[in-house]
Amino acid sequence: KKYKIAVIVGSLRKESFNLKTANAMMAMAPESLSMELLDISGLPWFNEDLEENPPKEWVDLRKEIKAADGLLFFTPEYNRSVPGVLKNAIDVGSRPYGKNSWDGKPAAIVSVSIGAISGFGANHHLRQSLTFVNVPAMAQPEAYLGGAADLFDDKGKLINASTKDFLKSFMGAFEKWVHTIAK
Ligand code: FNR
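Residues numbered from 1 in each chain as written. Predicted model: local features only at pLDDT ≥ 70, side-chain atom pairs only at ≥ 80, totals over all residues.

Undergrad: I tried to follow the packing of helix 2 (residues 56–67) against helix 3 (residues 84–93) on my own but got confused; where do I start?
TA: The description of two helices packed together rests on the angle between their axes and the distance between the axes. In contact at an axis separation of 9 Å, helix 2 and helix 3 are set at 80° when each is read in the N-to-C sense. What the angle tells us is that helix 2 and helix 3 run roughly perpendicular. Residues Trp58, Leu61, Arg62 and Ile65 of helix 2 lie in contact with helix 3, whose contacting residues are Ala89, Val92 and Gly93. Broken down by class, the residue content of the contact of helix 2 with helix 3 amounts to 5 nonpolar, 1 polar and 1 charged. (Axes fitted to C-alpha atoms, helices over the stretch in contact; angles between N-to-C directions. Helix = DSSP H or I, 4+ residues; strand = E, 2+ residues; numbered from the N terminus. Parallel < 35°, antiparallel > 145°, perpendicular 65-115°, else oblique. Contact = placed C-beta atoms within 7 Å. Nonpolar A, V, L, I, M, F, W, Y, C, P; charged D, E, K, R; others polar.)

Undergrad: Even after reading the chapter, I still don't get the site of the ligand, so can you show me in this structure?
TA: Taken together, 16 residues lie around the ligand, and Ser11, Ser16, Asn18, Pro76 and Gly115 are the ones closest in. Grouping the amino acids of the shell around the ligand by side-chain chemistry returns 6 nonpolar, 7 polar and 3 charged. (Near = placed C-beta within 6 Å.)

Undergrad: I keep staring at helix 4 (residues 120–132) and nothing clicks. Help me out?
TA: Along an α-helix, residues three or four apart share an orientation, since each turn contains 3.6 residues. Between its terminal C-alpha atoms helix 4 stretches 19 Å, which fits the 18 Å expected from 13 residues at 1.5 Å a residue. Residues Ala122, Asn123 and Leu126 constitute the buried set of helix 4. Along helix 4, the residues classed as buried sweep out an arc of 100° about the axis, all on the same side. The outward face of helix 4, more than 90 degrees from its buried face, is lined by the exposed residues Gln128, Thr131 and Phe132. Packed against the buried residues of helix 4 are strand 3 (70–75), strand 4 (107–112) and strand 5 (143–145). (Expected span 1.5 Å × (residues − 1). Buried ≥ 20, exposed ≤ 12 C-beta atoms within 10 Å, placed from the backbone. Arc of directions from axis to C-beta.)

Undergrad: Would you mind showing me how to read the pairing of strand 3 here?
TA: Of all 6 residues making up strand 3, 6 are buried, and the element is well covered by its neighbours. The alternating pattern of strand 3 places Gly70, Leu72 and Phe74 and Leu71, Phe73 and Thr75 on opposite faces, both of which are buried. The pairing of strand 1 (residues 3–9) with strand 3 spans 5 bridges and is classified as parallel. Residue isoleucine 8 lies in a different strand from strand 3, and its bridge partner there is phenylalanine 73. Alignment of strand 3 against strand 4, held across 5 bridges, turns out to be parallel. When the sheet's bridge partners are listed, threonine 75 is paired in strand 4 with serine 111. Between the parallel pair strand 3 and strand 4, the chain is carried across by helix 3, and the sense of this crossover is right-handed. (Pairing = 2+ DSSP bridges. Right-handed = clockwise from strand over helix to strand, strands pointing away.)

Pasting the structure below:
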């Protein structure tokens, strides 16, 4: 079976190191995983007042999440937490009440930061929300990429060899995680 993986990147900027890391990992996807970026850039803010007549972007996002067998998150760290755009996507996907689109999907998290703490705070805040929306996030190995500004060339390609090797082994573990948990 081929498993569909929704790749969710918590940065909207063109030159995002998280996006570059996501692209590098998508390029190393194993045969059994088909990976696709989920676009959250135009997602309207969650507002319960809109629930009865939800914006098309919410409906589309929920459909795309439901269609995925697994989730791969890339998160920057903003003020020791996840960026608002990523939290908003989680909130939109979790509603309406009783129709949580994330429910049960196996996930993994990669935090990417230019700093030395490597997005630890964001990585773990994301785990807190994922636990509540019933997303089993792979516990080990963990992926904290720090010093991200030095890992890529000027075309956005991942050039750091040990990072590449690490991400390959991380992907191998994620593949097993998906095979074990996905329905
Ligand atoms: C940051 N950055 C940051 N880095 C970090 O390691 N811990 C932090 O708490 C923060 N806080 C923070 C807040 C805001 C508002 C911004 C804009 C940035 C720096 C961050 O790691 C850097 O901008 C990354 O390049 C963001 O990821 P992308 O956009 O490259 O994927």
